[in-house]
Each structure stands twice: as C-alpha cells, then as structure tokens.
Amino acid sequence: AVFCINDALAAGALKALKKHNICIPEDVQIMSHEKTVFSELTEPLLTSVDRNVESMAVQACEKLMERMKKEHTDKTETVIIPFRVLEGGSTRPSEA
C-alpha cells in the first residue's frame, strides 16, 4: 500500500505504477491524506482523507481569540477535529 501526503503525489504514484503494468487496487492500493480536485481526476478515483480543513481553521481562530483575551498561559489543550475517509477505487475493502 502507498499512503501519500497529498493527492498530487498519489496521482503521480498511480500513474507511475500503471506505467509499469501494476494494477490498482489489486496489486497496490493508494490513499491520500488530502481531499482536492486531483482525487476526482484519476482512474481509478483516489481514496482520500477529508481532513475537514474548514473546521480546523475555525477551531484555530477560536483558540487564538481565546488566548488573545487571556493572559499568557503555558496550558496546552487537545482539540479533536473529525475527519472522514472518502473511498475511491484506489483501495479495496479490508479482508477482516
């Protein structure tokens, strides 16, 4: 399996593998950690992680505004941003 940091790299990996007659997803599965228009332009379609960037940006701005209103603190905070996997044809179901 190949897990790429973004759709452009995943699309390049897919193209290179197909050039060497490697079947996707039968021989190698490809997944990306970024949901962009590239994931919809490949054959097969890329399986991608939708990182929910809009929610990330909103959370970051809210936390920044909270910090600006308070005195500096060394307190750290964990924020969990939900994500989802958008299944394309570049992966196959797990053989559980």
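This text goes with the structure placed above it.
Student: Which parts of the structure should I look at to understand unusual backbone geometry?
Tutor: The bulk of non-glycine residues show a negative phi, and the bulk of peptide bonds are trans. Each neighbour pair has its own omega, and for Ile24 with Pro25 the value is 5 degrees, a cis peptide bond. Looking at the element boundaries, Pro25 is found in the loop between helix H1 (7–19) and strand E2 (30–32). Along the chain, Glu43 connects to Pro44 via a cis peptide bond; the corresponding omega equals 0 degrees. Inspection of the secondary structure puts Pro44 in the loop between E2 and strand E3 (47–50). The phi torsion at Asn52 lies on the positive side, around 60 degrees, for a residue other than glycine. Of note, Asn52 is situated in the loop between E3 and helix H2 (53–69). With relative accessibility at 28%, the residue Asn52 sits in the partly exposed group.

Student: Which parts of the structure should I look at to understand a nonpolar patch on the surface?
Tutor: Together, Val37, Phe38 and Leu41 make up an exposed nonpolar region whose accessible area comes to about 310 Å². Within the element layout of this structure, Val37 appears in the loop between E2 and E3. Overall, the relative accessible area of 52% leaves Val37 in the exposed class.

Calculation criteria
- Here the residue numbering is sequential within each chain, running from 1 through the sequence in written order.
- The predicted origin of the model limits local features to residues at a pLDDT of at least 70 and limits the giving and counting of side-chain atom pairs to 80 or more, whereas totals for whole chains, interfaces and linings rest on all residues.
- Note: side-chain values were computed over all heavy atoms of the structure, leaving out hydrogens and water.
- Helix and strand definitions follow DSSP, with helices as H or I runs of at least four residues and strands as E runs of at least two, each counted in order from the N terminus.
- Type-normalised accessible area, obtained with a 1.4 Å probe on protein chains alone, sets the label of each residue: buried when under 20%, exposed when over 50%, and partly exposed for intermediate values.
- Candidates for patches are residues over 30% relative accessible area with no salt bridge; among them, like charges are joined within 9 Å and nonpolar side chains (Val, Leu, Ile, Met, Phe, Trp, Tyr) within 5 Å.
- All accessible-area figures derive from a Shrake-Rupley calculation using a 1.4 Å probe, and residue coverage is judged against the displayed protein chains alone.
- When a carboxyl oxygen of Asp or Glu is within 4 Å of a side-chain nitrogen of Lys or Arg, the pair counts as a salt bridge.

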